[in-house]
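Each chain, letter by letter, is given below.
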Amino acid sequence: MAKPHVLVLPLPAQGHVTPLMELSHRLVGHGFEVTFVNTEVHHAMVVGALKPAGGASALAGIHLASVPDGVADGVDRKDICKLVDSYNQHMPGHLEQLIAGMEAAGRPKVKWLVADVSVWWSFDVAKRLGIRVASVWPASVACLAINLQIPKLTEEGLLNNKGTRHSAHGALPPPGRPRLRDHLRQHRSASRSGRQRAAGGGRHVGAGRHPPGVHL
């Protein structure tokens, strides 16, 4: 009897890749076949990090796969907003092609998608393909609570829709500190993923801290 095939998809960032890689090891230990999907850029980083640890043997049965992220040459990869826009626009189609290609090559049909809340667009792909979903919040509960309060902060006028605090309601962040615009962007993604989970019967798994794993 074939092992249930699970596709694991993190947001392409170390603080997201590491805990989902650890989760993948746990899934393999419980008898699942796991394919861990990264962008091509982060896939190369994971492969490079594995070499000192023994290469493929350190994966303990996890299959690695990658998809293009659509980020154009010359784009600053430290610009989170541009990265997220590119992921949302280009990666869904590549993910769907990857799943179809694996099945055409004789791999077991993907039964579950275990994906980071921040890559909400993957839940749309899973729904189209009839794949069940479990979403993961890999950061702290406090961070999740802050994100969930963003609509209330904007409704009460403490933030505008660009994530900037109104100076009339208190001191602005010190120079050099990030504004909340990125949190707003992430919140919108998380909110949409929540609606998709509700529609598709998916599950949500949260993590209070980042467990040890492969470090990029």
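- Per an unreviewed UniProt entry, the chain is named Glycosyltransferase N-terminal domain-containing protein, and its organism is Urochloa decumbens.
- The annotation that UniProt attaches to the chain under Sequence similarities (unreviewed entry) is "Belongs to the UDP-glycosyltransferase family."

**Concerning the nonpolar core**
Then comes step 1: Residues Leu7, Leu9, Val37, Leu95, Ile99, Leu113 and Trp121 are the most contacted members of the largest nonpolar core, which totals 25 residues.
Then comes step 2: Ranked by the residues each element gives to this core, the list is headed by helix α3 (residues 80-104), at 7 residues.
Then comes step 3: With near-sequence residues (within four places) excluded, Val37 lies in contact with Leu7, Val8, Leu9, Pro10, Ala65, Val67, Leu95 and Leu98.
Then comes step 4: Val17, Leu20, Val34 and Val114 belong to the second largest nonpolar core, which has 16 residues in total.

**What to know about the UniProt feature "domain: Glycosyltransferase N-terminal" (unreviewed entry) in the chain**
Then comes step 1: The residues that UniProt annotates with the feature "domain: Glycosyltransferase N-terminal" (unreviewed entry) are residues 6-43.
Then comes step 2: The annotated region residues 6-43 carries 53% helix and 29% strand content, and the separation between its end C-alpha atoms amounts to 18 Å.

**Looking at the confidence of the model for the chain**
Then comes step 1: Mean pLDDT for the chain: 79, with 72% of residues reaching 70 or above.
Then comes step 2: Ranking the elements of the chain by mean pLDDT puts strand β6 (residues 203-206) last, at 52, and strand β1 (residues 5-9) first, at 97.
Then comes step 3: For the stretch residues 207-216, pLDDT sits under 50, and the model shows 30 contacts to residues farther than four places along the chain or on other chains.

**Description of the packing of α3 against helix α4 (residues 121-129)**
Relative orientation and spacing of two packed helices are given, respectively, by the angle between their axes and the distance between those axes.
Then comes step 1: One can describe the packing of α3 onto α4 by two numbers: an axis separation of 9 Å at closest approach and a directional angle of 35°. In the packing of α3 onto α4, the handedness of the crossing is right-handed. Judged by residue contacts, Tyr87, Asn88, Met91, Pro92, Leu95, Glu96 and Ile99 of α3 engage Trp121, Ser122, Val125, Arg128 and Leu129 from α4.
Then comes step 2: For the contact of α3 with α4, the residue count by class is 8 nonpolar, 2 polar and 2 charged.

**Focus on α3**
Then comes step 1: Compared with the 36 Å implied by 1.5 Å per residue over 25 residues, the 35 Å span of α3 between its first and last C-alpha is a close match.
Then comes step 2: Maximal helix bending in α3 amounts to about 40°, located at Met91; proline Pro92 follows within four positions.
Then comes step 3: Every buried residue belonging to α3 is among Cys81, Leu83, Val84, Ser86, Tyr87, Met91, Pro92, Leu95, Leu98, Ile99 and Met102, and all of these are buried.
Then comes step 4: Note on α3: the residue one or two positions beyond its end, Gly106, has a positive phi of about 100°.

**Topic: the pattern of salt bridges**
Then comes step 1: Overall, the coordinates contain 4 salt bridges when judged by the stated rule.
Then comes step 2: Here Glu22 makes a salt bridge to Arg26, at a shortest N to O gap of 2.9 Å. Residue Glu22 and its partner Arg26 are located together in helix α1 (residues 14-29), separated by 4 residues, close to a single helical turn.
Then comes step 3: Its relative accessible area of 15% is what places Glu22 among the buried residues.
Then comes step 4: The exposed category is assigned to Arg26, whose relative accessible area is 51%.
Then comes step 5: In this structure, the salt-bridge partner of Glu33 is Arg107, at a minimum N-O distance of 2.9 Å. Residue Glu33 is located in strand β2 (residues 33-39), and its partner Arg107 is located in the loop between α3 and β4 (110-116); the two are separated by 74 residues in the primary sequence.
Then comes step 6: Classification of Arg107 by relative accessible area gives partly exposed; the value is 22%.

Scoring rules and cut-offs
Residues numbered from 1 in each chain as written. Predicted model: local features only at pLDDT ≥ 70, side-chain atom pairs only at ≥ 80, totals over all residues. Heavy atoms only, no water. UniProt positions renumbered as here; feature names shortened; annotations may be inferred. Core = buried A, V, L, I, M, F, W, Y, C linked by side-chain atoms within 4.5 Å. Buried < 20%, exposed > 50% of the residue type's maximum accessible area, 1.4 Å probe, protein only. Helix = DSSP H or I, 4+ residues; strand = E, 2+ residues; numbered from the N terminus. Contact = heavy atoms within 4.5 Å. pLDDT = per-residue confidence, 0-100. Axes fitted to C-alpha atoms, helices over the stretch in contact; angles between N-to-C directions. Left-handed = near helix turned anticlockwise from the far one by under 90°. Nonpolar A, V, L, I, M, F, W, Y, C, P; charged D, E, K, R; others polar. Expected span 1.5 Å × (residues − 1). Bend = angle between axes of the 7 residues up to and from the residue. Salt bridge = Lys/Arg side-chain N within 4 Å of Asp/Glu carboxyl O.

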